[in-house]
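# Architecture and fold: a report
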Amino acid sequence: MLRVLSFLLFAILFCWVLGLAVFVHGLPARATPASVRTDAIIVLTGGSARVERGFEMLAAGAAPVLFISGVGKDVTLQEMLHEHADAKTRQAISDRGASIVLDHVALTTQTNAREAAQFVRERNFHSVRLITAHYHMPRSMAEMQKTLPDVEMVADPVFPAGFRRDQWWRHKTSRDLILSEFHKSVAVLFRPILQRFQ
């Protein structure tokens with residue numbers, strides 16, 4: 001019995017280490033250039049550089065519409081623009097006549113996907129550029145693809161300052177982010193199976 005238990009524990013540990021290695025290796029390593037056009041840009045708030053990247057891509061003409069999901073309920077568009085876009089970017093957005101929509105409802109990645117899906121379906125879009133942190137991208141893509149299986153998803157990751165991808169295990173903040181996102185991503189994969197037993 002002890003031998004069987006030891007084997008099971010070893011197998012679980014092996015699967016965990018292998019899964020973590022695959023997760024880290026699969027993290028996107030570079031941003032997507034503005035020349036890749038989509039029907040809309042979707043930004044998931046919650047980390048540095050995400051909204052800035054969304055405004056930059058909108059100003060560059062990567063898409064005509066920007067949807068920012070998970071904005072604080074009292075935050076206005078003007079406040080977002082002045083905090084996250086410089087004067088040149090704001091002018092370029094204005095010159096293009098680009099549209100910006102704020103989502104004040106979403107609080108989690110799952111509700112980000114739900115609100116974004118409603119936005120995309122209402123406008124009959126067929127492709128979106130998804131902007132979030134690179135370590136958050138796998139789970140975000142999984143959630144988005146579940147709600148919008150027929151829509152083309154273009155991942156456009158940002159890379160927060162201070163995150164150490166090369167030696168993430170040596171730095172507490174980077175390590176905590178990686179482990180947290182890995183476990184949450186596994187939960188997303190197993191959610192349909194668990195729901196069958198509810």
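All values derive from a computational prediction rather than experimental measurement.

Conventions used here
Residues numbered from 1 in each chain as written. Predicted model: local features only at pLDDT ≥ 70, side-chain atom pairs only at ≥ 80, totals over all residues. Heavy atoms only, no water. Core = buried A, V, L, I, M, F, W, Y, C linked by side-chain atoms within 4.5 Å. Buried < 20%, exposed > 50% of the residue type's maximum accessible area, 1.4 Å probe, protein only. Helix = DSSP H or I, 4+ residues; strand = E, 2+ residues; numbered from the N terminus. Contact = heavy atoms within 4.5 Å. Axes fitted to C-alpha atoms, helices over the stretch in contact; angles between N-to-C directions. Parallel < 35°, antiparallel > 145°, perpendicular 65-115°, else oblique. Nonpolar A, V, L, I, M, F, W, Y, C, P; charged D, E, K, R; others polar. Left-handed = near helix turned anticlockwise from the far one by under 90°. Pairing = 2+ DSSP bridges. Phe/Tyr/Trp six-rings, centres within 6.5 Å; stacked < 30°, edge-to-face > 60°.

Ile41, Phe55, Leu66, Ile68 and Ile100 are the most contacted members of the largest nonpolar core, which has 21 residues in total. Listing elements by their share of this core, those giving two or more residues are β1 (40-44), α2 (50-59), β2 (65-69), α3 (77-84) and β3 (99-103). At 5 residues, α2 tops the list of elements feeding residues into this core. In this structure Phe55 touches Leu66, Ile68, Met80, Leu81, His84, Ala85, Thr89, Ile93 and Ile100, once residues within four positions along its chain are discounted.

Turning next to the packing of α2 against α3. Contact pair α2 / α3: the axes reach a minimum separation of 9 Å and the direction vectors enclose 95°. Here α3 runs roughly perpendicular to α2, going by the angle between their axes. For the pair α2 and α3, contact is made by Val51, Glu52 and Phe55 and by Met80, Leu81 and His84, respectively. Here the residues of the contact of α2 with α3 sort into 4 nonpolar, 1 polar and 1 charged.

The next point concerns the packing of α2 against helix α4 (residues 87-96). Where α2 contacts α4, the axes come no closer than 8 Å and their chain directions differ by 45°. If you check the angle between α2 and α4, you find them oblique. Between α2 and α4 lies a crossing whose hand is left-handed. Contacts between α2 and α4 involve Phe55, Glu56, Leu58 and Ala59 from the former and Thr89, Ala92, Ile93 and Arg96 from the latter.

We now examine unusual backbone geometry. Although it is not a glycine, Ala49 sits at a positive phi angle of roughly 75°. Mapped onto the fold, Ala49 is located in the loop between β1 and α2. What makes Ala49 partly exposed here is its relative accessible area of 31%. A positive phi angle is found at Asn124, which is not glycine, with a value near 55°. For Asn124, the location among the structural elements is in the loop between α5 (109-122) and β4 (127-133).

Bringing the sheet that holds β4 into the picture now. Taken together, the 5 strands give an open sheet; going across it, the order is β3-β2-β1-β4-β5, and neighbouring strands pair in parallel fashion. Looking at which strands have only one partner, the edges of the open sheet turn out to be β3 and β5 (152-158). Along the sheet, successive strands turn relative to each other by an average axial angle of 20°, direction set aside. Bridge analysis of β2 against β3 gives 5 bridges, and the strand direction is parallel. Bridge pairing links Ser69 to Asp103 in β3. Against the sheet, α5 touches β1, β2, β3 and β4, its axis set at about 155° to β2.

Next up on the list: the packing of aromatic side chains. This structure, assessed with the given rule, holds 6 aromatic pairs. Look at Trp16 and Phe182: their rings are 6.2 Å apart centre to centre, the planes differ by 75°, and that puts the pair in the edge-to-face class. With a gap of 166 residues between them, Trp16 in helix α1 (residues 2-25) and Phe182 in helix α7 (residues 172-196) connect regions that are remote in the sequence. The class for Phe182 is buried, based on a relative accessible area of 6%. With 5.8 Å between their ring centres and 65° between their planes, Phe119 and Phe125 make a pair best called edge-to-face. Accessibility assignment for this pair places Phe119 and Phe125 in one class, buried. Put simply, the rings of Trp16, Phe23 and Phe182 touch in pairs and so form one group of aromatic residues.

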